[in-house]
Amino acid sequence: MTIEWYPGHMGKAHQKISELIRTVDVIIEVLDARLPASSSNHLLQELRRNKPCIKVMNKNDLADPAVTKAWVRTFERETGIRALPLSAKQYREVNQLTRLCLQLAPTRGKPGRPLRAMVVGIPNVGKSTLINTLAGKCMARVGDKPAITTCAQQIELRNGIILSDTPGLLWPDMSDQVAAYRLATTGAIGAGALDYTEVGLFAAEFMMQRYRELLRSRYQLTDVADSATAVLEAVGRRLGCLVAGGEIDLHRAAEAFLRELRAGKIGRVSFEEPGQDAGEASGGEGNQPA
Ligand SMILES: Nc1nc2c(ncn2[C@@H]2O[C@H](COP(=O)(O)OP(=O)(O)OP(=O)(O)O)[C@@H](O)[C@H]2O)c(=O)[nH]1
Ligand SMILES: [Mg+2]
């Protein structure tokens, strides 16, 4: 199934962001540390022009640390870009953002001259969580499904910084379906726009190719099978996703597997490395989406 997801509020959000972006000093682009390329929105890159930008690689607690380090080195080769891996729920980590923003806009953040920063990114990457941690209280609604924020909102911090929270933005034409399946795997695509079994099989194939040992350990498998269906069946058997007669319910197995993978229960996983093209990073020909 081809994944396409561009609900109506995203078009309006794109318009609003393009108006607001002119008035901001720094852009905080929140990426998912597990997929820094696929979670990067080219529409936002176009709107950014030459404004200073901090690429926050959020959910770093779920990503493979060695791969994240390689991404930071890659991003920081670009001029005007700083990359910061963090977990948006950890104040000590998030707090570094304030210092970085002030470094990038040194004439701002003073009485009468607030520093305006806009937090942008695809859905469900943790933009609102990041803002709440910076504010020290729950100012923006968060949730574990995409499209929780649907309107832009401004939040004034006590340190002279004004932050705009914005709705998660995707792009209307998802021609790169490997990226779309990775986004679906991590939870950036609305549940109604995907087939859980297909996404589960995609994720199982990737894990089988790249993180075999994590699969073996989490599901106490003596051997990891060589087909995505067999892996998902083994996971389903372990998690008790059965129908009458003892057959595996593949749909439920896929849902349960994705839930575990998204929550980091299988281990810290990165879905793409710098310099790889989509096919290589997804583990070869086998798991190209249908
Ligand atoms: N493990 C982990 N989970 C996180 C982190 N940051 C956010 N989350 C979770 O990710 C989910 C999405 O968080 P939100 O802050 O609502 O994401 P958002 O980018 O504002 O999403 P939209 O408003 O839908 O675009 C929530 O379940 C958060 O608890 C993090 O650093 N690590
Ligand atoms: Mg939000």
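Just so it is clear, the model here is predicted, and its values are computed rather than measured. (Residues numbered from 1 in each chain as written. Chains lettered and ligands numbered in written order. Predicted model: local features only at pLDDT ≥ 70, side-chain atom pairs only at ≥ 80, totals over all residues.)

Novice: How would you explain the overall build of the protein if you had to name every residue and give the values?
Specialist: From N to C terminus, the protein includes 12 helices and six strands. Radius of gyration (C-alpha) of the protein: 20 Å, near the 19 Å computed for a compact globule of 290 residues. Of all 290 residues assigned to the protein, the portion counted as buried reaches 42%. Once local pairs closer than 6 in sequence are excluded, the contacts in the protein between residues at least 24 apart make up 68%. (Helix = DSSP H or I, 4+ residues; strand = E, 2+ residues; numbered from the N terminus. Rg over C-alpha atoms; globule rule 2.2 N^0.38 Å. Buried ≥ 20, exposed ≤ 12 C-beta atoms within 10 Å, placed from the backbone. Contact = placed C-beta atoms within 7 Å.)

Novice: Break down the nonpolar core for me, citing the residues and quoting the values.
Specialist: The biggest cluster of nonpolar side chains holds 76 residues, and the ones touching the most others in it are I28, A117, V119, A203, A204, L232 and F257. Ranked by residue count, the leading element in this core is helix α8 (residues 196-210), at eight residues. Discounting chain neighbours no more than four positions away, the residues touching V119 are I28, V30, K127, L130, I131, L163, S164, D165 and T166. (Core = buried A, V, L, I, M, F, W, Y, C linked by C-beta atoms within 7 Å.)

Novice: Any chance you could break down the sheet that holds strand β1 (residues 26-32) for me, citing the residues and the numbers?
Specialist: Taken in spatial order, the six strands line up as β3-β2-β1-β4-β6-β5 in an open sheet, and their pairing is mixed. Unpaired on one side and paired on the other, β3 (81-85) and β5 (153-156) mark the two borders of the sheet. Within the sheet, the average angular offset between the axes of one strand and its neighbour, ignoring direction, is 25°. The sheet contacts of helix α5 (residues 96-104) involve β1, β2 (53-58), β3, β4 (115-121) and β6 (161-165), and relative to β3 the element is tilted by about 175°. (Pairing = 2+ DSSP bridges. Axes fitted to C-alpha atoms, helices over the stretch in contact; angles between N-to-C directions.)

Novice: Tell me about the site of ligand 1, and name the residues and values.
Specialist: Looking at ligand 1, there are 24 residues lining it, with G126, S128, D144, T149 and G168 nearest. By residue number, the principal contributor to the shell around ligand 1 is helix α6 (residues 127-135), which donates three residues. Its residues placed into classes, the shell around ligand 1 shows nine nonpolar, 10 polar and five charged. (Near = placed C-beta within 6 Å. Nonpolar A, V, L, I, M, F, W, Y, C, P; charged D, E, K, R; others polar.)

Novice: Go over α6, please, and point to the residues and values.
Specialist: Since the α-helix advances by 3.6 residues per turn, residues separated by three or four positions end up pointing in the same direction. Buried residues dominate α6, accounting for eight of its nine residues. Among the residues of α6, K127, S128, T129, L130, I131, N132, T133 and L134 are the ones counted as buried. Looking one or two residues past α6, G136 carries a phi angle of roughly 80°, positive in sign.

Novice: How would you explain the pairing of β1 if you had to name every residue and give the values?
Specialist: Along β1, seven of the seven residues are buried, which leaves the element largely enclosed by surrounding structure. The alternating pattern of β1 places V26, I28, V30 and D32 and I27, E29 and L31 on opposite faces, both of which are buried. Relative to β4, β1 is paired through five bridges, and the arrangement is parallel. Directly across from I27, in β4, lies its bridge partner M118. Here β1 pairs with β2 via six bridges, running parallel. Its bridge partner lying in β2, D32 is registered against N58.

Novice: So, the environment of P106: which residues are in play, and what are the values?
Specialist: Tracing the chain through its elements places P106 in the loop between α5 and β4. For P106, a count of 10 C-beta atoms within 10 Å translates into the label exposed. For the pair P106 and D25, spaced 81 residues apart in the sequence, the C-alpha separation amounts to 10.0 Å.

Novice: Explain the environment of W5 residue by residue, including any values.
Specialist: Here W5 shows up in the segment before α1 (8-20). Overall, W5 belongs to the buried group, with 22 C-beta atoms counted inside 10 Å. For the pair W5 and L194, spaced 189 residues apart in sequence, the C-alpha to C-alpha distance is 9.0 Å. Leave out the neighbours within four places in its chain, and W5 touches L170, I189, G190 and A193.

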